[in-house]
Amino acid sequence: MVTHPYVRGLEAAEFIMGSPAIKGIPMWRGRGMDAVRLLVKVFVELVRARHPVDVVEHGFLASQADNRRVFGDYGNVYELLDLPGNPDALFRSDQIVSSLARLDREQSAGPLVAVGPVLRRFAGRTAPLFRDRMVWPVVELNQLAPDGTAEEVLDFYRVVIEELLLTIGIRSFTVCTGELADYGRLTYLVVTALPNRRPTVLATLYVLADGLREALGQEQDIVDVGFTGKVLATTAMVHTDSRGLVLASTVAPVQLGVTVAPATDLDDCRDWFQALEAAGIRYEVVRASASTSSRARAERSWHRRGVPLVVGLGRSPGSVVLCSRLPQTRVPLSGRPAPDTVRAHLDSHDQRLRDSSQRLLTDTTERNGHLRTLCGACAADPGSAVFGHVVPITAGRCDTCGADDGREYFISKEGRFY
């Protein structure tokens, strides 16, 4: 079985388990779970800029009856027929039913963020963290919107998601489409590019269709925002070098790796370590032997785990060397770097990731002709292959007929994409 390079990178970074693997059920390891917690933390902080928000984790089992009431006889769920004491159970296949029930119990409009796994039937090949049977993490936010406000609420979350992706080094844009009208009365898909120059969806945002809203027993509009571990899989695809995964500082469990010499007195470094901790910089320390090869192995180990910055102390008496990535450079420093200096290097590192992702996204859309400015009549032409329009709306002259009432559309000749 062929193992994708991004999967090997995530395994080497200690994000997910390697072989033997369970088909469709990637097993997460400690560092991967740490990165997920950091990702969720950034998302919640962005939401809290406007709304107080609660975070919950629903149980692994859900109600068959509630699931059928909302979604009908979906064929991709695992129902449990003879579970003692719980004849109505199924493996959880969604978050929204339980989240809306909780909002009802608390008489709250939300937002409520649910983080947890869902388990669904999935035939055929599974690409880990892209197409799984058990998907973790599933991060889903739900909020009730008073009449006339749903579109404005959805647009706030569009900005949140785009900003979230930006913090982890992924440039994106949002497409409003009618392709998922059965689920969303208003549907936003947040899109980026993969290294093979194909677009992919990293987050979905909906104002739920009226049928689903009614099945959930709500009179107000329901806003539904979701993303999964695919976000980190895409990071592993887009940001890599010869050493492996390159993480943005926001989701790197270790932001600064420190390699010390055998004779380095760690007590002498205590004030520096305390200053790093006070500044919120996540660091770890490894002691290498006196050999050059030992230091090189330590640096490669830091890099395999996605660590953005490495500082080497004491290669020669009193020496300090900082190694950064993309490109990989080593710079001698006059002393141990102050927290502000470390933070500045981390910021520069993150900006390089964003710039690289922007180049990939621009090259993808230009090479494939995904973005075109069209007037309404030209967009309605069946041959236009319009999938949706870009939001926020950007006005311009129609590329086809020259009319001055055009706006930017996303073109997908293959139709729906994932």
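Scroll up to find the structure.
Every chain is numbered on its own, with residues counted from 1 as its sequence reads. pLDDT decides what is reported in this predicted model: residues at 70 or higher carry local features, side-chain atom pairs at 80 or more are listed and counted, and totals for whole chains, interfaces and linings draw on all residues regardless. Only hydrogens and water are set aside; all other atoms, that is, all heavy atoms of the structure, feed into the side-chain values.

Draft legend 1. Representation of the pattern of salt bridges within the structure. What makes a salt bridge here is a side-chain nitrogen of Lys or Arg within 4 Å of a carboxyl oxygen of Asp or Glu, nothing more. Under the counting rule described, the total for this entry stands at 22 salt bridges. Here Arg197 ties to Asp363 by a salt bridge, and the two come within 2.7 Å at their closest N and O atoms. Of this pair, Arg197 sits in the loop between strand 7 (184-193) and strand 8 (199-208) while Asp363 sits in helix 10 (residues 339-368), and the two are 166 residues apart along the sequence. Among the residues examined, Arg197 registers a relative accessible area of 27% and is labelled partly exposed. Whether a residue is buried, partly exposed or exposed follows from its accessible area with a 1.4 Å probe, protein chains only, as a fraction of its type maximum: under 20%, in between, or over 50%, in that order. The exposure class of Asp363 is partly exposed, given its relative accessible area of 25%. Glu414 is the partner of Arg198 in a salt bridge, and the nearest nitrogen-oxygen pair spans 3.0 Å. One end of the pair, Arg198, is in the loop between strand 7 and strand 8; the other, Glu414, is in the segment after strand 20 (406-411), and 216 residues separate them in sequence. Bridged by salt links that share partners, the residues Arg185, Asp210, Arg213, Glu214 and Asp221 form one connected network. In this text, helices come from DSSP runs of H or I with a minimum length of four residues, and strands from runs of E with a minimum of two, each type numbered from the N-terminal end.

Draft legend 2. Molecular detail of a nonpolar patch on the surface. On the surface, a cluster of nonpolar side chains totalling about 290 Å² of accessible area is made up of Met17, Ile22 and Met27. Tracing the chain through its elements places Met17 in the loop between helix 1 (5-12) and helix 2 (30-47). Given the relative accessible area of 47%, Met17 is considered partly exposed. In this scheme, patches are assembled from residues that exceed 30% relative accessible area and form no salt bridge. Like charges are connected within 9 Å, while nonpolar side chains (Val, Leu, Ile, Met, Phe, Trp, Tyr) are connected within 5 Å. The protein chains shown are the only cover counted for residues, whose accessible areas, like all others here, come from Shrake-Rupley with a 1.4 Å probe.

Draft legend 3. Molecular detail of empty space enclosed by the protein. The rule is simple: put a 1 Å grid over the protein atoms alone, call a set of points where a 1.4 Å probe fits but cannot get out a cavity, call an open set with protein on both sides within 12 Å along at least five of seven lines a pocket, and count a residue as lining if it has an atom within 4 Å of a point. Grid points are joined across faces, edges and corners, and a volume is the space filled by probe spheres set on the points. Enumeration according to the criterion identifies one cavity of 30 Å³ or more in this entry. The space that makes up the largest cavity amounts to roughly 40 Å³. Lining the largest cavity we find Ala13, Phe15, Arg31, Pro253, Val254, Arg305, Gly306 and Val307. Of the residues contributing to the lining of the largest cavity, the split by class is five nonpolar, one polar and two charged. Only Asp, Glu, Lys and Arg are considered charged in this grouping, and only Ala, Val, Leu, Ile, Met, Phe, Trp, Tyr, Cys and Pro are considered nonpolar; every other residue, Gly among them, is considered polar.

Draft legend 4. Region of the structure containing the packing of helix 2 against helix 5 (residues 150-167). Where helix 2 meets helix 5, the closest approach of the two axes is 10 Å, and the angle between their N-to-C directions is 145 degrees. Along this stretch, helix 2 crosses helix 5, giving a crossing that reads as right-handed. The residues of helix 5 that touch helix 2, namely those facing Leu39, Val42, Phe43, Leu46 and Val47, are Phe156, Tyr157, Val160, Ile161, Glu163, Leu164 and Thr167. Along the lines of polarity and charge, the residues of the contact of helix 2 with helix 5 split into ten nonpolar, one polar and one charged. Each axis is a line fitted through C-alpha atoms, taken for helices only over the stretch in contact, and angles between the N-to-C directions span 0 to 180 degrees. With the far helix as reference, a near helix turned anticlockwise by less than a right angle produces a left-handed crossing, and one turned clockwise produces a right-handed crossing. By definition, residues are in contact when any of their heavy atoms lie within 4.5 Å.

Draft legend 5. Seen up close, the packing of aromatic side chains. Aromatic pairs are defined between Phe, Tyr and Trp rings, using the six-membered ring for Trp, whenever the two ring centres lie within 6.5 Å; interplanar angles under 30 degrees are classed as stacked, those over 60 as edge-to-face, and all others as tilted. Enumeration according to the criterion identifies 13 aromatic pairs in this entry. Judged by centre distance (4.9 Å) and plane angle (65 degrees), the ring pair of Phe156 and Tyr157 falls under edge-to-face. For the residue pair Phe156 and Tyr157, the accessibility class agrees, reading buried in each case. For the pair Phe387 and Phe410, a centre-to-centre distance of 6.4 Å together with 80 degrees between the ring planes defines the contact as edge-to-face. Taken as a pair, Phe387 in strand 18 (residues 386-391) and Phe410 in strand 20 lie far apart in primary sequence, 23 residues in all. A residue is classified by how much of its surface remains accessible, and Phe387, at 4% relative accessible area, is buried. Counting every residue linked through ring pairs, the aromatic cluster contains Phe173, Phe387, Phe410 and Phe417. Any Lys NZ or Arg CZ that is within 6 Å of a ring centre and within 35 degrees of that ring's normal is treated as a charge sitting over the ring. Lys230 extends its terminal NZ or CZ atom over the ring of Tyr418, reaching a point 3.8 Å from the ring centre.

Draft legend 6. Broad picture of the pairing of strand 5 (residues 134-145). Among the twelve residues that make up strand 5, ten are buried, leaving the element largely enclosed by the rest of the structure. Direction of pairing for strand 5 relative to strand 9 (residues 221-228): antiparallel, over a ladder of eight bridges. When the sheet's bridge partners are listed, Glu140 is paired in strand 9 with Gly226. DSSP-based pairing: two strands are paired if at least 2 bridges between them are found.

Draft legend 7. Just the environment of Ala288, in detail. Following the sequence through the fold, Ala288 ends up in the loop between strand 13 (283-287) and helix 9 (292-304). Note on Ala288: relative accessible area 5%, which makes it buried. The spacing of Ala288 and Glu299 is eleven residues in sequence and 9.7 Å in space, taken between C-alpha atoms. Other than its neighbours up to four places away in sequence, Ala288 contacts Thr259, Val260, Ala261, Pro262, Ser294 and Arg295.

Draft legend 8. How the structure looks around the layout of surface pockets. The volume enclosed by the largest pocket comes to roughly 1,400 Å³. Taken together, 42 residues line the largest pocket, and the ones lying closest to its centre are Arg120, Thr204, Tyr206, Arg416 and Tyr418. Of all elements in the fold, only helix 3 (64-71), strand 5, strand 8 and strand 9 reach the threshold of two or more residues within the lining of the largest pocket. Counted by class, the lining of the largest pocket contains 22 nonpolar, eight polar and twelve charged residues.

Draft legend 9. Molecular detail of the nonpolar core. Joining through side-chain atoms within 4.5 Å is the link that ties buried Ala, Val, Leu, Ile, Met, Phe, Trp, Tyr and Cys residues into a set, and such a set is a nonpolar core. Counting residues in each nonpolar core, the largest one holds 88 residues, and the members touching the most others are Phe43, Tyr157, Ile161 and Phe227. It is helix 5 that provides the largest number of residues to this core, a total of nine residues. For Tyr157, the residues in contact, after removing those within four places along its chain, are Val47, His51, Pro111, Leu141, Gln143, Leu205, Val223 and Val225. One finds Val260, Leu276, Leu322 and Leu346 within the second-largest nonpolar core, a separate group that totals 16 residues.

Draft legend 10. Summary view of the sheet that holds strand 12 (residues 256-260). Strands sit in the order 13-12-14-15-16 across an open sheet of five strands; the sheet is mixed. Among the strands making up the open sheet, the edge pair consists of strand 13 and strand 16 (329-333). Between one strand axis and the next, the sheet turns through 20 degrees on average, direction left out of account. In terms of strand pairing, strand 12 meets strand 14 (residues 309-313) through five bridges, oriented parallel. Paired with Leu256 across the strands is Leu309, a residue of strand 14. The sheet contacts of helix 8 (residues 270-278) involve strand 12, strand 13 and strand 14, and relative to strand 13 the element is tilted by about 150 degrees.

Any functional reading would require information that these geometric values do not contain.
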